[in-house]
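Spelled out from the first residue to the last, the chains are:
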Amino acid sequence: GAGMSEASRDPLLQPFQLRHLVLRNRIMSTAHEPAYSEDGLPKERYRLYHVEKAKGGIALTMTAGSAIVAEDSPAAFGNLHAYKDEIVPWLARLADGCHEHGSAVMIQITHLGRRTNWNHSDWLPVLAPSPVREPAHRSFPKEAEDWDLARIVRAYAATAQRMQAAGLDGIELEAYGHLMDGFWSPATNRRTDAYGGSLDNRLRFTFEVLDAIRAAVGPEFIVGIRMVADEAWEQGLSRAEGLEIGRRLVASGQVDCIN
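Residues numbered from 1 in each chain as written. Predicted model: local features only at pLDDT ≥ 70, side-chain atom pairs only at ≥ 80, totals over all residues. Heavy atoms only, no water.

> Describe the sheet that holds strand β10 (residues 257–258), with residues and values.
Across the sheet, six strands lie side by side as β3-β4-β5-β8-β9-β10; this open sheet has parallel pairing. For this open sheet the edge positions go to β3 (28–29) and β10, each flanked by a neighbour on one side alone. Bridge analysis of β3 against strand β4 (residues 60–68) gives two bridges, and the strand direction is parallel. The residue bridging methionine 28 from the neighbouring strand is leucine 60, located in β4. Running at roughly 145 degrees to strand β5 (residues 104–110), helix α3 (residues 87–100) makes contact with β4 and β5 of the sheet. (Pairing = 2+ DSSP bridges. Helix = DSSP H or I, 4+ residues; strand = E, 2+ residues; numbered from the N terminus. Contact = heavy atoms within 4.5 Å. Axes fitted to C-alpha atoms, helices over the stretch in contact; angles between N-to-C directions.)

Now the structure itself:
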């Protein structure tokens, strides 16, 4: 009927090609945490929540408000425990359910850095590039040492592998108030080693993570990044540097989409 032909011409309803992935339209649900996890796992309620979105016709549902890649990133708000192998079958069921209804599924993964509490979960020290206190959760973070960073890079890669094994279409890295962009911002990175100072140094950890992820999952897995581009205060990341970071991420060829 007339309604159908109008719908077929709506730009919002046209397919979208994201590397090898064809999304059925331009509508997605961005990452957020409904706090429906049980024991850090996306069990029945979590699955049904995302399957309902898929039934509604969206092209892509992004699970998790920041699924955590390591134990020393305590789950501050119901985050999924993406560092556990036991998450794989639960995510596989969720992905299968959404794929059945024609929706792609991705997950946002992160190390929260200082954006969490130390005094729950395993009571491990909160990490950050520099020991600068976080305003929301009030933690005084430990300065991440070289062995911490090497371990966390491995944790990102292992988490990406789990997400691929679960049959998800891709991952999104969170760099908005978390560990990764903590290195980008002069307000939170006061280091004098190879991870501080110049923009090249402040991006070192990010590219170590991306290198490790690509080595683990290969080129046929979508990797995106949700990033801050302008902290809008004089001590923080400027718009000019934020745009330059975006340009470098795109130029690396390792990132398929930026949010």
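> Talk me through the packing of aromatic side chains; I want residue IDs and the actual numbers.
Per the counting criterion, the structure on display carries five aromatic pairs. Geometrically, the ring pair formed by tryptophan 118 and tryptophan 123 is edge-to-face, given 5.3 Å between the ring centres and 85 degrees between the ring planes. By relative accessible area, tryptophan 118 is classed as partly exposed at 40%. Ring pairs connect the aromatic residues Tyr156, Phe183, Tyr195 and Phe205, which therefore count as one cluster. The residue whose ring lies beneath arginine 226 is tyrosine 176, and the NZ or CZ to ring-centre distance is 4.6 Å. (Phe/Tyr/Trp six-rings, centres within 6.5 Å; stacked < 30°, edge-to-face > 60°. Buried < 20%, exposed > 50% of the residue type's maximum accessible area, 1.4 Å probe, protein only. Lys NZ or Arg CZ within 6 Å of the ring centre and 35° of its normal.)

> For the nonpolar core, give the residues involved together with the corresponding values.
Residues Ile107, Tyr156, Met163, Ile171, Leu173, Trp184 and Phe205 are the most contacted members of the largest nonpolar core, which totals 56 residues. Among the elements that make up this core, the one with the highest residue count is helix α4 (residues 146–165) (eight residues). Beyond its immediate stretch of four places on either side in the chain, tyrosine 156 contacts Val69, Ile109, Thr110, His111, Leu173, Met180, Phe205, Val209 and Ile213. Formed by nine residues, the second largest nonpolar core is a distinct cluster that contains Leu21, Leu23, Leu60 and Ala104. (Core = buried A, V, L, I, M, F, W, Y, C linked by side-chain atoms within 4.5 Å.)

> Could you give an account of unusual backbone geometry, naming the residues involved and the relevant values?
Even without being glycine, aspartate 39 reaches a positive phi, approximately 55 degrees. Within the fold, aspartate 39 resides in the loop between β3 and α2 (44–55).

> Lay out the environment of aspartate 211 with the relevant residues and their values.
Counting through the fold element by element, aspartate 211 comes out in helix α7 (residues 204–217). Overall, the relative accessible area of 43% leaves aspartate 211 in the partly exposed class. Each C-alpha atom, one on aspartate 211 and one on serine 252, is 9.9 Å from the other, the two residues being 41 residues apart in sequence. Polar side-chain contacts of aspartate 211 include one of 2.6 Å to the side chain of glutamine 254. (Polar contact = N/O pair within 3.5 Å; in protein donor to acceptor, adjacent residues only side chain to side chain.)

> Give me the state of the cysteines: which residues, what numbers.
In the structure shown here, the tally under the stated rule is zero disulfides. In this structure cysteine 98 is a free cysteine whose sulfur lies 17 Å from that of cysteine 257, the closest cysteine sulfur available. Cysteine 98 gets classed as buried once you look at its relative accessible area, which sits at 0%. (Disulfide = S-S within 2.5 Å.)

> With reference to specific residues and values, describe the side chain of serine 139.
Inspection of the secondary structure puts serine 139 in the loop between β6 (127–128) and β7 (142–143). Given a relative accessible area of 1%, serine 139 falls into the buried group. Polar side-chain contacts of serine 139 include one of 2.9 Å to the backbone oxygen of threonine 116. Leaving out residues up to four positions away in the same chain, serine 139 has contacts with Arg114, Thr116, Asn117, Trp118, Val126, Arg133 and Glu134.

> Quick one: what's the story with the pairing of strand β9 (residues 222–227), residue by residue and with numbers?
With five of six residues buried, β9 lies mostly within the body of the structure. For strand β8 (residues 170–175) and β9, the ladder comprises six bridges, and the chain directions are parallel. Along β9, the bridge assignment pairs glutamate 172 with glycine 224. Pairing geometry for β9 and β10, over two bridges, is parallel. By the bridge assignment for β10, glycine 224 is matched with cysteine 257. Running through helix α8 (residues 239–252), the crossover from β9 to the neighbouring parallel element β10 is right-handed. (Right-handed = clockwise from strand over helix to strand, strands pointing away.)

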